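A structural walkthrough
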Amino acid sequence: MKRALLCLCLASLAHAGNRARPGGTLQVALVSPSAAVEPLTADAPVDALRLLLTHQLLCRVVEASRPTPGVLRLATPPSVDPKLVVEALQRVSTTATPVRALLSGVTGWAVAGRAVELQLRGAAPDLERSLCHPAFALPLGAFRAKGPKLEAFDEQPSGRPHLDAVVLQAADARTAERLFAQRRVQVVLGASTADEVPQLFVTALALGPGLDALKPAIESTTDRADLARFFVAAPAGPLTGLFPATLAAQGPVVPVSRPAPLTPPRELVLRFDEEAPHEQSIAQRLQVKLQPLGYRLALKATPRSQLRGRAPAEGELLLQSFVLPPSPTGALLMWLELGGQRARIPAVLQQLATAADVDARARELATQLALELPVVPLVTRGLGVTASKDVQHLTRDVLGLPRLDDVFLAAE
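Everything numeric here is computed off the predicted structure, so don't read it as measured data.

Criteria and cut-off values
- Residues numbered from 1 in each chain as written.
- Predicted model: local features only at pLDDT ≥ 70, side-chain atom pairs only at ≥ 80, totals over all residues.
- Heavy atoms only, no water.
- Helix = DSSP H or I, 4+ residues; strand = E, 2+ residues; numbered from the N terminus.
- Rg over C-alpha atoms; globule rule 2.2 N^0.38 Å.
- Buried < 20%, exposed > 50% of the residue type's maximum accessible area, 1.4 Å probe, protein only.
- Contact = heavy atoms within 4.5 Å.
- Areas by Shrake-Rupley, 256 points an atom, 1.4 Å probe, with all protein chains shown as cover.
- Lys, Arg positive; Asp, Glu negative; His and termini not counted.
- Charge placed at Lys NZ, Arg CZ, Asp CG, Glu CD.
- pLDDT = per-residue confidence, 0-100.
- Salt bridge = Lys/Arg side-chain N within 4 Å of Asp/Glu carboxyl O.
- Arc of directions from axis to C-beta.
- Core = buried A, V, L, I, M, F, W, Y, C linked by side-chain atoms within 4.5 Å.
- Pairing = 2+ DSSP bridges.
- Axes fitted to C-alpha atoms, helices over the stretch in contact; angles between N-to-C directions.
- Phe/Tyr/Trp six-rings, centres within 6.5 Å; stacked < 30°, edge-to-face > 60°.
- Parallel < 35°, antiparallel > 145°, perpendicular 65-115°, else oblique.
- Nonpolar A, V, L, I, M, F, W, Y, C, P; charged D, E, K, R; others polar.

On to the overall build of the chain. Each helix and strand counted, the chain has 13 helices and 20 strands in total. The C-alpha atoms of the chain give a radius of gyration of 23 Å, which matches the 22 Å a tight globule of 412 residues would have. Dimensions of the chain, computed from the C-alpha atoms along their principal axes, are close to 85 × 55 × 50 Å. By residue count, 50% of the 412 residues in the chain fall in the buried class. For the chain, restricting intrachain contacts to residue pairs at least 6 apart in sequence, the fraction spanning at least 24 positions comes to 73%. Accessible surface computed for the chain: about 18,800 Å², of which carbon and sulfur atoms make up 54%. Of the charged side chains in the chain, 43 are positive and 38 negative; the average position of the first set lies 3 Å away from that of the second.

The structure is reproduced here in structure tokens:
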């Protein structure tokens, strides 16, 4: 009996030592070249994480319901002004980027008391999960910028975080590793790790008009697994269809016959984001692989603002990186928008609305459309995290991003 009581006491002490201790400052190394990030440009894992320190996913703030088939009601807590939701909806609806497709089933919205009611065209299937996209994020994150620090925000809807503050230090991967080894930081965000995490951040190649013959050329010469292994910081993986493994099981890769080389060779321009090192590496690899088949690619580093929402011109290819929502339906709509098939979205939504299993039907349509759209999916990305032992309760959200608002520091 005494031994049992002793074991119980020791277990209680161990548990007490791991309880959430309020306070403390978390030192973080951030592997990111971006100087600033906004909801519509947070399309890299580390950028989205940084955004969500000061913002909150819309789906985490509101309570969604459907009082009638034609209305999606987003109720806000007392501390949140519904006008913030309206601003997020307006921001997404007026952008030219693929994310605007997520509101394709919405005809308008209006504030009704402490809620925003969205008027729907048809059923607008799975719109609730599509709202879990960084583009809809509200400025209600766990932290507020105060000089070099991000300090805890007491008035956020989900409550004050355990930490008092987070200090971010931008660094390249090697410097971040050194800072961690020297215990000058407790967390590295963007570290190359083998974590098994959701990978909803994707990179694809958009083809200009008349370049359908490029798809078999790329499929037959380019190994996506090699692209992910050698040119993208892990966690990363090959993207063989429109949906990453997070949204659908990946089928076997079907071999494609190598086409005959073009004669004479064709000159094309391949544009990539000048702020995305992995896009530059992939562009260089494609340049090498396609040259023997008669495609001579001139690589053009381009500002991100000039790439997002732009359709490729004749004789042009665009590398595009973006984040998909945790919804097969929402992901399918974004691919249609990227592929210049916006006119097909209403018919696709109608097919999904009448399906017994919306997710399964979206996956079927994605398999079909992958052959038709002038896009080539290439790789997926997640966010690698390295953390010291005193960083407790490091969880991840629906996008696979670590939630620093849940973190606390173990007692010394």
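Having seen the model, we can carry on.
Take the confidence of the model for the chain next. Residues with a pLDDT of 70 or more make up 94% of the chain, whose mean pLDDT is 91. With pLDDT under 50 throughout, residues 1-17 is counted as low confidence; its partners more than four residues away or in other chains account for 1 contact.

Another aspect to go through is the pattern of salt bridges. Summed over the entire model, instances satisfying the criterion amount to 28 salt bridges. Between R100 and E337 there is a salt bridge, with the nearest N and O atoms lying 2.8 Å from each other. On the criterion of sequence distance, the pair formed by R100 in the loop between α4 (82-93) and β4 (106-112) and E337 in helix α11 (residues 328-338) is long-range, its members being 237 residues apart. Owing to a relative accessible area of 10%, E337 belongs among the buried residues under this scheme. Among the ionic pairs, R229 bridges to D226, the shortest N-O distance being 2.7 Å. On the criterion of helical spacing, the pair formed by R229 and D226 is a turn pair, its members being 3 residues apart in helix α8 (residues 224-231). For R229, a relative accessible area of 51% gives the class exposed. A single network of salt bridges, built from pairs that share partners, joins D43, D47, R50, D273, E275, E279, R304 and R308.

Glancing now at helix α7 (residues 214-221). Within α7 the residues assigned to the buried category are L214, K215, A217, I218 and T221. Taken end-on, α7 shows its buried residues confined to a sector of 165°, consistent with a single buried face.

By size, the foremost hydrophobic cluster in this structure holds 87 residues, and its most contacted members are L26, L118, L242, F243, L332 and W335. Of the residues forming this core, the biggest block, 7 residues, is contributed by α11. Dropping the residues within four chain positions of it, L26 is found in contact with L163, A165, V166, V167, Q186, V187, V391, L404 and L409. With 24 residues, the next largest nonpolar core counts I218, L293, L297 and V376 among its residues.

Another aspect to go through is the sheet that holds strand β13 (residues 295-302). With mixed pairing, 6 strands are arranged side by side in an open sheet as β11-β15-β10-β14-β12-β13. On the outer flanks of this sheet lie β11 (236-238) and β13, each paired with one strand and no other. Going across the sheet, the axis of each strand differs from the next one's by a mean of 25°, ignoring polarity. Two elements, β11 and strand β15 (residues 375-381), share 3 bridges in a ladder whose sense is antiparallel. Along β15, the bridge assignment pairs G237 with T380. In the packing of α7 onto the sheet, the strands contacted are β10 (201-207), β12 (266-273), β13, β14 (316-323) and β15, and the crossing angle to β15 comes to about 40°.

As a further point, take the sheet that holds strand β6 (residues 143-146). Spatial ordering of the open sheet is given by β6-β7-β8-β1-β9-β16, a layout of 6 strands whose pairing is mixed. The open sheet terminates on both sides in strands that have one partner only, identified here as β6 and β16 (385-387). Each neighbouring strand pair of the sheet contributes to a mean axis angle of 25°, computed without reference to strand direction. Bridge count between strand β1 (residues 25-30) and strand β9 (residues 187-189): 3 bridges; the pairing is parallel. The residue bridging A29 from the neighbouring strand is V188, located in β9. Strands in contact with helix α6 (residues 173-181) are β1, β8 (165-170), β9 and β16; relative to β9, the strand with the most contacts, it is inclined by about 165°.

Summed over the entire model, instances satisfying the criterion amount to 1 aromatic pair. Seen from their ring centres, F322 and W335 are 5.3 Å apart, and the 75° between their planes marks the pair as edge-to-face. Within this pair, whereas F322 is found in strand β14, its partner W335 is found in helix α11, the two being separated by 13 residues in sequence. We classify F322 as buried; its relative accessible area is 7%.

Attention shifts here to the packing of helix α12 (residues 345-353) against helix α13 (residues 358-369). One can describe the packing of α12 onto α13 by two numbers: an axis separation of 9 Å at closest approach and a directional angle of 140°. The pairing of α12 with α13 is recorded here as oblique in orientation. Mapping the contact onto sequence places V348, Q351 and L352 in α12 and V358, R361, A362 and L365 in α13. Classifying every residue of the contact of α12 with α13 by side-chain character gives 5 nonpolar, 1 polar and 1 charged.

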